[in-house]
Amino acid sequence: MSNLDAYQQKLQAQLNEWKAQADGLKAKAEGASADLKLEINAQLEKLKGLQTEAEGKFNELRNAGEEKLGELKGAVDGLVSQASDTLKSLTSRFKS
């Protein structure tokens, strides 16, 4: 398995996990107070934007090939970090 294939599999798994987590958080937000629901929905929208951007980079990476891996990996890793931070923040809102 090439580095590109391994990275693509890892990224696809991450995208799938984010979607599942976001769906679960959205369901939990339905029972929250109005203020908390607004805050959570705003963060979920931010997360959705990051997911869309990451999916775009994923498709670009898939079409670019191994030679572009280094160039695109930095941008993708940055999006992964932002989305992970947003999910952690959202999850912590339900633990309080």
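Note on numbering: residues in each chain are counted from 1, in written sequence order. Whole-chain, interface and lining totals are the exception, using all residues; otherwise, since this is a predicted model, local features are given only for residues with pLDDT of at least 70 and side-chain atom pairs are given and counted only at 80 or more. The basis for every side-chain value is the complete set of non-hydrogen atoms in the structure, without hydrogens or water.

## Observations regarding the side chain of Gln8
- Looking at where Gln8 falls in the secondary structure, it is placed in helix 1 (residues 3-29).
- In this description, contact between two residues means that some pair of their heavy atoms is separated by no more than 4.5 Å. Those residues in contact with Gln8, other than ones at most four positions away along the chain, are Phe58, Leu61 and Arg62. Secondary structure elements are defined from DSSP: runs of H or I of at least 4 residues count as helices, runs of E of at least 2 residues count as strands, and each element is numbered from the N terminus.

## Section: helix 2 (residues 34-64)
- Over its 31 residues, helix 2 runs 45 Å from end to end, which matches the ideal 45 Å to within 8%, given 1.5 Å per residue.
- Within helix 2, the full set of buried residues consists of Leu36, Ile40, Leu44, Leu47, Leu50, Gln51, Ala54, Phe58 and Leu61.
- Backbone geometry just after helix 2 places Gly65 at a positive phi near 95°. Expected span of a helix, by definition, is 1.5 Å for each gap between consecutive residues, and there is one gap fewer than residues. To sort residues, take the accessible area from a 1.4 Å probe on protein chains only and compare it with the maximum for the residue type: under 20% means buried, over 50% means exposed, and anything in between is partly exposed.

## Points about the environment of Lys73
- If you trace the backbone, Lys73 turns up in helix 3 (residues 69-95).
- As for Lys73 and Phe58, which are separated by 15 residues in sequence, their C-alpha atoms are 9.4 Å apart.

## Describing the packing of helix 1 against helix 2
- Geometry is summarised by axes, namely lines fitted to C-alpha atoms with helices restricted to the contacting stretch, and by angles between N-to-C directions that run from 0 to 180 degrees. Helix 2 packs onto helix 1 with a crossing angle of 160° between their chain directions and a minimal axis gap of 10 Å. In terms of axis orientation, helix 1 runs roughly antiparallel to helix 2. The crossing of helix 1 and helix 2 is left-handed. Contacts between helix 1 and helix 2 pair Leu4, Tyr7, Gln8, Leu11, Gln12, Leu15, Trp18, Lys19, Ala22, Leu25, Lys26 and Ala29 from the former with Lys37, Ile40, Leu44, Leu47, Gln51, Ala54, Glu55, Phe58, Leu61 and Arg62 from the latter.
- Only Asp, Glu, Lys and Arg are considered charged, only Ala, Val, Leu, Ile, Met, Phe, Trp, Tyr, Cys and Pro nonpolar, and every remaining residue, Gly among them, polar. Along the lines of polarity and charge, the residues of the contact of helix 1 with helix 2 split into 14 nonpolar, 3 polar and 5 charged. When an angle is under 35 degrees it counts as roughly parallel; over 145 it counts as roughly antiparallel; between 65 and 115 it counts as roughly perpendicular; any other value is oblique. A crossing counts as left-handed when the near helix is turned anticlockwise from the far one by less than a right angle, and as right-handed when that turn is clockwise.

## Comments concerning the pattern of salt bridges
- The working definition used for a salt bridge is a side-chain nitrogen of Lys or Arg within 4 Å of a carboxyl oxygen of Asp or Glu. This structure, assessed with the given rule, holds 3 salt bridges.
- A salt bridge links Lys19 to Asp23; the shortest N-O distance between them is 3.4 Å. Of the two residues, Lys19 and Asp23 both sit in helix 1, 4 residues apart, roughly one turn of that helix.

## Here we look at the layout of surface pockets
- Using a 1 Å grid laid over the protein atoms alone, points where a 1.4 Å probe fits but cannot get out form a cavity; open sets with protein on both sides within 12 Å along at least 5 of 7 lines form a pocket; any residue with an atom within 4 Å of a point counts as lining. Grid points are joined across faces, edges and corners, and a volume is the space filled by probe spheres set on the points. One number sums up the size of the largest pocket: a volume of about 330 Å³.
- If you trace the largest pocket, you find 14 residues lining it, with Ala22, Asp23, Leu44, Lys48 and Gln51 closest to the centre.
- Looking at the lining of the largest pocket, the elements that each hand over two or more residues are helix 1 and helix 2.
- Along the lines of polarity and charge, the residues of the lining of the largest pocket split into 3 nonpolar, 5 polar and 6 charged.

## Description of the side chain of Gln51
- Assignment of secondary structure puts Gln51 in helix 2.
- Excluding residues within four positions of it along the chain, Gln51 makes contact with Leu15, Trp18 and Lys19.

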